[in-house]
Amino acid sequence: MSLNIHSSELPESERSLHEFWMNEAIAEAHKAESLGEVPIGAVIVRYGEIIGRGYNLRETTLDSTAHAEMVAIRQASIALNSWRLLDCQLYVTLEPCPMCAGAMVQSRLPLTVYGTTDPKAGCAGTLMNLLEEPRFNHRTEIIQGVLQEECAELLTSFFRQLRRKPPKS
């Protein structure tokens, strides 16, 4: 049984709630962009409160694991004093990569909501679906396409501007 739902299939009230939290993830993505990082943002919500925030920091920290989701997961785990993120929802502007999808499964996140698909590394249904892999002991429900156009435009405009910059000498 697939737990992968497109946001257009949700009732308006539920879709509005997911859009509210996705806007928080978009705000995090703007923080990454202001640092020259790829604009990807994430928040983790528990009982209507953000307990973890993250944005892409790979270039800034020279850390290949400093993806928005990983930063948010670490912060949420500290907030809960637990590696288990039960009763939490993760909102991220871009479909999770294999590393982040694996971390979501390992942290027992019950719901992942993402904005736009990642045709190069998406592991929540595009290239593969690690979040719902039946051989794992935990699966994560997925809602995709929340504020898809806004999330996609963040990335499109960032890479468009990057291509316009003259090369460093």
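Look above for the structure.
Residues numbered from 1 in each chain as written. Predicted model: local features only at pLDDT ≥ 70, side-chain atom pairs only at ≥ 80, totals over all residues. Heavy atoms only, no water.

Novice: Run through the overall build of the protein, naming residues and quoting values.
Specialist: Along its length, the protein carries five helices and six strands. Reading the secondary structure of the protein in the N-to-C direction produces β-α-β-β-α-α-β-α-β-β-α. Relative to a compact globule of 169 residues, whose C-alpha radius of gyration would be 15 Å, the protein shows 15 Å and is just as compact. Here the C-alpha coordinates of the protein stretch approximately 50 × 35 × 30 Å along the principal axes. (Helix = DSSP H or I, 4+ residues; strand = E, 2+ residues; numbered from the N terminus. Rg over C-alpha atoms; globule rule 2.2 N^0.38 Å.)

Novice: Give me the lowdown on the nonpolar core, citing residues and values where you can.
Specialist: A general trend in soluble globular proteins is that nonpolar side chains are found buried together. Within the largest apolar cluster, 30 residues are counted, with the highest numbers of intra-cluster contacts made by Ile44 and Ile73. Those elements that place two or more of their residues in this core are β2 (41-46), α3 (68-80), β4 (88-94), α4 (98-106) and α5 (148-164). Apart from the residues lying within four places of it in its own chain, the contact partners of Ile44 are Glu49, Ile50, Ile51, Gly52, Ala72, Ile73, Ala76, Leu85, Cys88, Gln89 and Leu90. Counting 17 residues, the second largest nonpolar core, distinct from the first, contains Leu10, Ala25, Ile50 and Leu147. (Core = buried A, V, L, I, M, F, W, Y, C linked by side-chain atoms within 4.5 Å. Buried < 20%, exposed > 50% of the residue type's maximum accessible area, 1.4 Å probe, protein only. Contact = heavy atoms within 4.5 Å.)

Novice: I'd like a description of helix α1 (residues 12-34), backed by residues and values.
Specialist: Compared with the 33 Å implied by 1.5 Å per residue over 23 residues, the 32 Å span of α1 between its first and last C-alpha is a close match. Residues of α1 that are buried include every one of Arg15, His18, Trp21, Met22, Ala25, Ile26, Glu28, Ala29 and Ala32, and no others. Against the buried residues of α1 lie β2, β3 (49-55), β4, β5 (111-116), β6 (141-144) and α5. Trailing α1 by a residue or two, Gly36 shows a phi angle of about 85°, which is positive. (Expected span 1.5 Å × (residues − 1).)

Novice: Run through the environment of Ile26, naming residues and quoting values.
Specialist: Within the secondary structure, Ile26 is located in helix α1. On the basis of relative accessibility, which here comes to 10%, the residue Ile26 falls in the buried class. Between the C-alpha atoms of Ile26 and Gly48, which are 22 residues apart in sequence, the distance is 17 Å. For Ile26, the contacting residues outside a window of four places in its chain are Thr93, Leu147, Glu150, Cys151 and Leu154.

Novice: Residue-level account of the packing of aromatic side chains, with values.
Specialist: Scanning the entire structure with this criterion turns up two aromatic pairs. With a centroid separation of 4.8 Å and an interplanar angle of 80°, the aromatic rings of Phe20 and Trp21 are classed as edge-to-face. We classify Phe20 as partly exposed; its relative accessible area is 46%. A centroid spacing of 5.1 Å and a plane angle of 80° characterise the contact between Phe158 and Phe159, whose relative ring orientation is edge-to-face. Taking the relative accessible area as the measure of exposure, Phe158 reaches 8% and is therefore buried. The class of Phe159 is partly exposed, set by a relative accessible area of 33%. (Phe/Tyr/Trp six-rings, centres within 6.5 Å; stacked < 30°, edge-to-face > 60°.)

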